[in-house]
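Take a look at the letters that make up each chain.
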Amino acid sequence: MKTKKLIILFLLAPLLSFAQESGIKFEHGLSWNQIKEKAKKENKHIFVDCFTTWCGPCKYMANTIFPQPKVGDFFNSNFINAKIQMDQTKDDSEDIKAWYAEASRFEKDYNVRAYPTFLIFDPNGTLVHRIVGGGEADQFIAKAKEGLDPSTQYHTLLSKFEAKPDDVQIARKLAVAAENAYDQETLKRAQIAIINSMSEEELFQKENADILLKSATTPDSKSYQLIKNNIAKIDAVLGQGSANSTMAVVLMRELVLPLVKKDENINLDDVQQQLAKSHPEVDMTGMFVRFKPQFYFSKKDWPAFKDAVNAYINTSKVDANQLNSFAWTIFENCEDKACIESALAWSKKSLEEGDENAAYLDTYANLLYKKGNKDEAITTQEKAVAAADEDSKAELQVNLDKMRNGQPTW
């Protein structure tokens, strides 16, 4: 049942299968050099799907998008298509094992760090484009088309930008391509080039102000200083608080997190007070309120975690799933009565704001039981068992039996 209490749920799908009756036809039994030879002979680009067996979006693309006829028509007519499994499992076929070394080289040479990553090579085997993340059929076809056009190819634009870093038109195109490729470092460089080319009047137009916010990297960066000195102008075009939100993120990332990493006993209240003095233009209250639950969770300081979560809930909109997750964390880790009382309040709120599903009821019942309210706990756990699906019912029944027998459930 614990898996149902996680805030982020991973998609589960059948294992990938190379065999498809329709859709994209992927090459089998060929080496990378043979694939390049075939692409050159047929004058086609190469499309490479870099996937892992544990990646939910990878499975979605393989099972839902790639088999579609319109997707197959486009990719089969324009590309030689290949798949590379980037992880290794005990169930791998000989075909997959034969590509182990190539998979390692692709990861290193082409900086494959997120999945799925799709690489596009020209007919000569030169990398020209990358797509990170999946998408629906029409959207994905549109992204792949950009890999066939030199004016939108990510790596082609990057080469042009390296040669002409002051060319604003190239920088604008590269910024779009870099964002699609999840290349944050290149994206920042392109954004800074765009910002440096603008007059102040142009800078605070809506579309450009958004680029300005995205390009702020450190408190000393030009973009940050422009934001700091023009808060009212930015908020006027992007909405109240836009400038503060960006500066707060920069200060948290560049000043607070390094301190936390360096000193595990750091006092966050002291840090917040110091920042208020050194950067009075930024209101960091909301940022610290959101960060403290995570901080005290990592320190396993459960009374402080309880206080931090209460502050977070009182100032932010928290969904039922997250409330349930907070409550279960206390149930598993804390014996303190005040912690359990707070967790009960969070759990009760999750039941009020969300459906009375089995996971939320189970959390509430276990907290009641830990507090000593045995009869109410049993009644609530009976509801949880009744509401559970077949996969969870047995586990919840075990907890119910323990409650009836007076045994601990933690």
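Summarised in this report is the structure supplied together with it. Because the structure is predicted, anything quoted here is derived from the model rather than measured.

What counts as what
- Residues numbered from 1 in each chain as written.
- Predicted model: local features only at pLDDT ≥ 70, side-chain atom pairs only at ≥ 80, totals over all residues.
- Heavy atoms only, no water.
- 1 Å grid on protein atoms, 1.4 Å probe; cavity = no way out; pocket = protein on both sides within 12 Å on 5 of 7 lines; lining within 4 Å.
- Points joined across faces, edges and corners; volume = space filled by probe spheres on them.
- Helix = DSSP H or I, 4+ residues; strand = E, 2+ residues; numbered from the N terminus.
- Nonpolar A, V, L, I, M, F, W, Y, C, P; charged D, E, K, R; others polar.
- Disulfide = S-S within 2.5 Å.
- Buried < 20%, exposed > 50% of the residue type's maximum accessible area, 1.4 Å probe, protein only.
- Salt bridge = Lys/Arg side-chain N within 4 Å of Asp/Glu carboxyl O.

The next subject is the layout of surface pockets. Of the voids in this model, the second largest pocket is the one considered here, and its volume is about 220 Å³. Lining the second largest pocket, in full, are Tyr-110, Asn-111, Arg-113, Ala-114, Thr-117, Arg-130, Val-132, Tyr-154, His-155, Ala-181, Tyr-182 and Asp-183. Elements with a minimum of two residues in the lining of the second largest pocket: strand E4 (127-132) and helix H7 (154-163). For the lining of the second largest pocket, the per-class residue count stands at 6 nonpolar, 3 polar and 3 charged.

With that settled, consider the state of the cysteines. Applying the stated criterion across every chain, the model contains 1 disulfide. The disulfide bridge from Cys-55 ends at Cys-58, spanning 2.4 Å between sulfur atoms. Looking along the S-S bond of the Cys-55-Cys-58 disulfide, the torsion reads about 85°, which is the right-handed sense. Assigned by exposure class, Cys-55 and Cys-58 land together as buried. With no disulfide of its own, Cys-50 lies 9.4 Å from the sulfur of Cys-58, the closest cysteine sulfur. Of the cysteine sulfurs around Cys-334, a residue in no disulfide, the closest is that of Cys-339, at 3.1 Å.

Using the criterion set out here, one finds 18 salt bridges in the structure. In this structure, Lys-38 engages Glu-27 in a salt bridge whose closest nitrogen and oxygen atoms are separated by 2.9 Å. Pair noted here: Lys-38 is in helix H1 (residues 32-42) and Glu-27 is in the segment before H1, with a separation of 11 residues, a long-range link. Using a relative accessible area of 22% as the deciding quantity, one classes Glu-27 as partly exposed. Beyond isolated ion pairs, a larger network of salt bridges with shared partners links Glu-102, Arg-105 and Asp-109.

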